[in-house]
Amino acid sequence: MPDRKKEIDKAKEEAVAENPGRRKFLGVTATVGALGMTGATGAGLMLGGSGKAEARSRGNGGNDIHVAPGELDEYYGFWSGGHSGEVRVYGVPSMREIMRIPVFNHCSASGWGMTDESKRIMGDSHRFTNGDAHHPHVSYTDGSHDGRYLFINDKANTRVARIRLDVFKTDKMVTVPNAQAIHGLRLQKAPKTGYVFANGEYIIPQPNDGRDLNDPEKYWTLWSAIDAESMEVKWQVMVDGNLDNMDADYTGKYAAATCYNSEKAITLAGKMRAERDWVVVFNIERIEAAVRNGNFRTIGDSDVPVVDGRKGSEVTRYIPVPKNPHGLNTSTDGKYFIAAGKLSPTVTMIQIDKLDDLFAGNLSDERDVVAAEPELGLGPLHTTFDGRGNAYTTLFLDSQVVKWNMDRAVRNYNGEDVDYIIQKLDVHYQPGHNHATLAESKDADGKWLFSLNKFSKDRFLPVGPLHAENDQMIDISGDEMKLVHDTPTFAEPHDAVIIRRDQITTSQIWRRDDPYFAETIEMAKKDGVNVDRDNKIIRDGNKVRVYMTSIAPNFGITEFKVKQGDEVTVVVTNLDRIEDLSHGFCLVDHGVSMEVSPQQTASITFKADKPGVFWYYCNWFCHALHMEMGGRMLVEKA
Ligand code: CUK
Ligand code: CUA
Ligand code: CA
């Protein structure tokens, strides 16, 4: 593998040196995938003449949309799975689904939610089998993605999870106290992702212990900062109104969130009463200072410091914007927070370099930080960027994506007679988020744009009343946006993040000392078992621990006996070292199933509550004799 990667990188460098032009670079990049499979012959063939790569198939804007069998994609795309609770990994631009990462859901295949390792990670919230994952974001160093972690919110059960991008597994999960429904979630971009910021969406009594049930005036929500390494909630800020979406700046100093319910209403009509709601801006240094100086309270039985950030506080500012804003996106040049109007046809551009003055009290009005408020169309929800000064905003009601120029919008706002709208493209239908390649980092490259449309209607074969959604791929590398592909998706990607493949380094097999299963190995040690070698059954009262190895096509133990009522833990260690040689352990009629990938130790606990013979088998196809890989659990009648 490393040699192949070096070869690819070298070929890329040579290609760029020969063909600095954008189109040529794109063409060559796609051929580098082929080189990965064919080696030096491919290099000679494709890179020998600078023009040859041009012959490949292309999207209308100039981007190559064709990724041939065996070629690798240029980007990883992480799509949130909405109320399916998972994360999906696509290769971009092929839009081949490469992997699903279970997070807040439980997974029949991998055993996520069933295994002892996943239960430890999920903690108490393991009792929930659903989640609502909206906002996936990859960690940063200095405004660029560093490929260490992906973080995602759970609106349904108020959680935040972390996924390790070396193994593509969820490895931490935290339930956020004092909040209800984590919605907007973003990361500190610079100097690195120290904090994960999380919006509590709904306003609730504080503490929510039965007091003030029907007194919305006494409901509040909190904005939380979670330590990206420990995944502990470090501090929270109490705010007025609710919190919807958010983003952080590129300096590490500020973050901003939209609020659609400044009214503190509990009905739909009430939430639309005011002509203006607001964007709350958080001053992170000031919040940290308040925590340091003991200027906080705690709420209920949580010991997380809560700083008062309600109107008039020193740690926040409330910037009035047209009613019921939704998306909030930081432009990749670091200049603006852009809040989408939703009920207003405008977006509000907040000039980040004016925020120091706003907090210092040097501005007469909060609105003085508004650099422009361009009118874009009906139902603006979210904005993304191409790194060339243009922004792309979804128009939910118009079913369009509008491409507009930020600089010209500002000049227009200042009275110049200049048009800022470049193009409107129909999408199918009713887009929510959109997302361009690398567009949450300073490396935005303006190649591909995805419009995550909430309705597909007639775009796919009918499958009954419930329809797929439609994530449309748009080539934005040229002057014009061109629609190039429809991707049906199941409920319900809200958001996505797309990063270059070289920004992630994966492990092809597990490290034996991986913390993911260290506790299981610790347990084995206490039982005097070396899981790398031993096949042993330990009886401990009515608990039975069965330690077995697996090497294709054999389990180390093919028969074990327990008593009816015993609590059984099966620990399987896959001793195969070969890439892609995963085994599984499935015990029939017990709801027991798990993945055991190369060099992984996995463990699952269940009750042997029925007497009789129960077969277990390997459920990841591993060998010509995979069907034969199994054994029996013999359960004696109590
Ligand atoms: S939200 Cu769903 S379309 Cu959760 Cu970012 Cu706007
Ligand atoms: Cu081991 Cu299938
Ligand atoms: Ca409102």
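About the thresholds
Residue numbers run consecutively from 1 along every chain, following the written order of its sequence. Naming scheme: in the order in which they are written, chains are lettered from A and ligands are numbered from 1. Local features in this predicted model are restricted to residues whose pLDDT is 70 or higher, and side-chain atom pairs enter the listing and the counts only when it is 80 or higher, whereas totals over whole chains, interfaces and linings include all residues. The basis for every side-chain value is the complete set of non-hydrogen atoms in the structure, without hydrogens or water. Strands pair, by our definition, only if DSSP identifies at least two bridges between them. Numbered from the N terminus, helices here are DSSP runs of H or I no shorter than four residues, and strands are runs of E no shorter than two. Think of each axis as a best-fit line through the C-alpha atoms, taken over the contacting stretch in the case of a helix, with angles from 0 to 180 degrees between the N-to-C directions. Any residue with an atom within 4 Å of a point lines the site, the site being either a cavity, points on a 1 Å grid over the protein atoms alone where a 1.4 Å probe fits but cannot get out, or a pocket, an open set with protein on both sides within 12 Å along at least 5 of 7 lines. Grid points are joined across faces, edges and corners, and a volume is the space filled by probe spheres set on the points. Classification used: nonpolar for Ala, Val, Leu, Ile, Met, Phe, Trp, Tyr, Cys and Pro, charged for Asp, Glu, Lys and Arg, polar for all others including Gly. Whether a residue is near a molecule or strand depends on its heavy atoms: it is near if one of them lies within 4 Å of it. Placement in a cavity or pocket follows one criterion, namely that more than half of the molecule's atoms lie within 2 Å of its grid points. We call a residue buried when its accessible area falls under 20% of the maximum for its residue type, exposed when it is over 50%, and partly exposed in between, using a 1.4 Å probe and counting protein chains only. In this description, one arc is meant: the one made by directions from the helix axis to the C-beta atoms. Only heavy atoms matter for contacts: two residues are in contact if any of them lie within 4.5 Å across the pair. Whenever two N or O atoms come within 3.5 Å, that pair is a polar contact, provided that in protein one can donate a hydrogen and the other can accept it, and provided that, for residues adjacent in sequence, both atoms are side-chain atoms. For this analysis, a ring pair means two rings from Phe, Tyr or Trp (six-membered ring only for Trp) whose centres lie within 6.5 Å, classed as stacked if their planes differ by under 30 degrees, edge-to-face if by over 60, and tilted for the remaining angles. Criterion for a charge above a ring: Lys NZ or Arg CZ within 6 Å of the ring centre, and within 35 degrees of the ring normal. UniProt positions are given in the numbering used here, feature names are shortened, and annotations may be inferred rather than shown by experiment. Each metal site lists N, O and S donors within 2.8 Å (3.2 Å for Na, K and Ca). With water left out of the atoms, a site can look as if it is missing ligands.

Points about the sheet that holds strand E5 (residues 144–154)
Part 1: Across the sheet, 4 strands lie side by side as E4-E5-E6-E7; this open sheet has antiparallel pairing. Since the sheet does not close on itself, it has two edges, and those belong to strand E4 (137–141) and strand E7 (169–175), each with one partner. Pairs of neighbouring strands in the sheet enclose a mean axial angle of 30 degrees, with direction left out of account.
Part 2: The pairing of E4 with E5 spans 4 bridges and is classified as antiparallel.

A look at empty space enclosed by the protein
Part 1: Under the criterion given, the structure shown has 5 cavities of 30 Å³ or more.
Part 2: Considering only enclosed or pocket space, the second largest cavity measures out at about 110 Å³ in volume.
Part 3: Around the second largest cavity, the lining residues are Ser-110, Gly-111, Trp-112, Thr-115, Glu-117, Ser-118, Lys-169, Tyr-516, Glu-595, Gln-600 and Ala-602.
Part 4: Grouping the constituent residues of the lining of the second largest cavity by class yields 3 nonpolar, 5 polar and 3 charged.

Topic: the site of ligand 1
Part 1: Taken together, His-134, His-135, His-183, Asn-245, His-326, His-382, Gly-432, His-433, Lys-454 and His-494 are the residues near ligand 1.
Part 2: Most atoms of ligand 1, that is more than half of them, are within 2 Å of grid points of the second largest pocket.
Part 3: Classifying every residue of the shell around ligand 1 gives no nonpolar, 9 polar and 1 charged.

Describing the layout of surface pockets
Part 1: Each pocket or cavity is described by its volume, and for the second largest pocket that value is around 460 Å³.
Part 2: Looking at the lining of the second largest pocket, the elements with two or more residues in it are strand E22 (380–385) and strand E26 (431–436).
Part 3: Of the residues assigned to the lining of the second largest pocket, the class counts are 7 nonpolar, 10 polar and 6 charged.

Examining unusual backbone geometry
Of all residues except glycine, most have a negative phi; of all peptide bonds, most are trans.
Part 1: Along the chain, His-428 connects to Tyr-429 via a cis peptide bond; the corresponding omega equals -10 degrees.
Part 2: Relative to the helices and strands, Tyr-429 resides in the loop between strand E25 (421–426) and E26.
Part 3: Looking along the chain, the bond that leaves Ala-552 and enters Pro-553 is cis, with omega of -5 degrees.
Part 4: Along the polypeptide, Pro-553 turns up in the loop between strand E32 (543–551) and strand E33 (554–555).
Part 5: The phi torsion at Asn-178 lies on the positive side, around 65 degrees, for a residue other than glycine.
Part 6: Relative to the helices and strands, Asn-178 resides in the loop between E7 and strand E8 (182–187).
Part 7: Of note, Gln-430 is a non-glycine position whose phi angle comes to about 55 degrees, a positive value.
Part 8: One can find Gln-430 in the loop between E25 and E26.

Observations concerning helix H6 (residues 284–292)
Part 1: Every buried residue of H6 is listed here: Ile-284, Ile-287, Ala-290 and Val-291. Looking straight down H6, one finds its buried side chains confined to an arc of 120 degrees; they lie on one side.
Part 2: Buried residues in H6 make contact with strand E9 (195–200), strand E11 (219–227), strand E12 (233–239), strand E14 (254–259), strand E15 (276–283) and strand E16 (306–308).
Part 3: Measuring from the backbone nitrogen of Glu-285 back to the side-chain oxygen at the start of H6 gives 3.4 Å, which picks out Asn-283 as the cap.
Part 4: Of the residues one or two after H6, Gly-294 is the one with positive phi, at around 75 degrees.

Considering the sheet that holds strand E40 (residues 630–636)
Hydrogen bonding along the main chain pairs the strands of a sheet, whether they run parallel or antiparallel.
Part 1: If you walk across this open sheet you meet the 5 strands as E34-E40-E39-E36-E37, and the pairing is mixed. In this open sheet, the two edge strands, each paired with only one partner strand, are strand E34 (559–563) and strand E37 (592–596). Pairs of neighbouring strands in the sheet enclose a mean axial angle of 20 degrees, with direction left out of account.
Part 2: Strand direction decides the pairing type here: E34 and E40, joined by 5 bridges, are parallel. Bridge pairing in E40 links Phe-560 to Met-633.

Section: the packing of aromatic side chains
Part 1: Applying the stated criterion to the full structure yields 20 aromatic pairs.
Part 2: For the pair Tyr-76 and Phe-168, a centre-to-centre distance of 5.8 Å together with 50 degrees between the ring planes defines the contact as tilted. Highlighted residues: Tyr-76 in strand E1 (residues 75–80) and Phe-168 in the loop between strand E6 (159–164) and E7, separated in sequence by 92 residues. The same class applies to Tyr-76 as to Phe-168, namely buried.
Part 3: Ring geometry for Tyr-195 and Phe-197: centres 5.7 Å apart, planes at 40 degrees, overall tilted.
Part 4: Residue Tyr-195 is classed as buried on the basis of its relative accessible area, which comes to 13%.
Part 5: Sitting over the face of the ring of Trp-220, Lys-264 holds its NZ or CZ atom 3.3 Å from the ring centroid.
Part 6: If you follow Arg-310 out to its NZ or CZ, it ends over the ring of Trp-220, 4.4 Å from the centre.

Things to note about the UniProt feature "binding site: Cu cation A2" (unreviewed entry) in the protein chain
Part 1: Look at the UniProt record and you will see "binding site: Cu cation A2" (unreviewed entry) annotated at Cys-618, Trp-620, Cys-622 and His-626.
Part 2: One can find Trp-620 in the loop between strand E39 (612–617) and E40.
Part 3: When its relative accessible area of 31% is taken as the criterion, Trp-620 is described as partly exposed.
Part 4: Apart from the residues lying within four places of it in its own chain, the contact partners of Trp-620 are Ala-109, Ser-110, Ser-582, His-583, Gly-584, Met-594, Glu-595 and His-626.
Part 5: Of the residues examined, His-626 reaches a relative accessible area of 8% and is grouped as buried.

Focus: the side chain of Asp-154
Part 1: When you line up the elements, Asp-154 lands in strand E5.
Part 2: A relative accessible area of 0% places Asp-154 in the buried class.
Part 3: Within the structure, Asp-154 has its side chain in polar contact with the backbone nitrogen of Ala-156 (distance 2.9 Å).

Focus on the coordination of the calcium ion (ligand 3)
Part 1: The protein atoms that coordinate the calcium ion (ligand 3) are Tyr-260 (O), Glu-263 (OE), Glu-263 (OE), Lys-271 (O), Asp-277 (OD), Asp-277 (OD) and Asn-324 (OD1), at distances of 2.3 to 2.8 Å.
Part 2: On the primary sequence, the residues serving as donors to the calcium ion (ligand 3) are separated as Y-x2-E-x7-K-x5-D-x46-N. Within this pair, whereas Glu-263 is found in the loop between E14 and helix H5 (268–271), its partner Asn-324 is found in the loop between strand E17 (316–322) and strand E18 (328–330), the two being separated by 61 residues in sequence. When sorted by exposure, Glu-263 lands in the same class as Asn-324, which is buried.

As for the environment of Thr-267
Part 1: By the secondary structure assignment, Thr-267 is in the loop between E14 and H5.
Part 2: Look at Thr-267 and you get partly exposed, because its relative accessible area is 42%.
Part 3: In this structure the side chain of Thr-267 is engaged in a polar contact, spanning 3.1 Å, whose partner is the backbone nitrogen of Gly-270.

Regarding helix H8 (residues 406–413)
Part 1: Inspection of H8 places Met-406, Ala-409 and Val-410 among the buried residues, and these make up the whole buried set. Viewed along the axis of H8, the buried residues span an arc of 100 degrees, placing them on a single side of the element.
Part 2: Looking at the buried positions of H8, the neighbouring elements they touch are strand E19 (336–340), strand E20 (347–351), strand E21 (370–372), E22, strand E23 (390–395) and strand E24 (400–405).
Part 3: The backbone nitrogen of Asp-407 has a side-chain oxygen 3.1 Å away, supplied by the residue at the start of H8, namely Asn-405.
Part 4: Backbone geometry just downstream of H8 places Gly-415 in the positive-phi region, at approximately 105 degrees.

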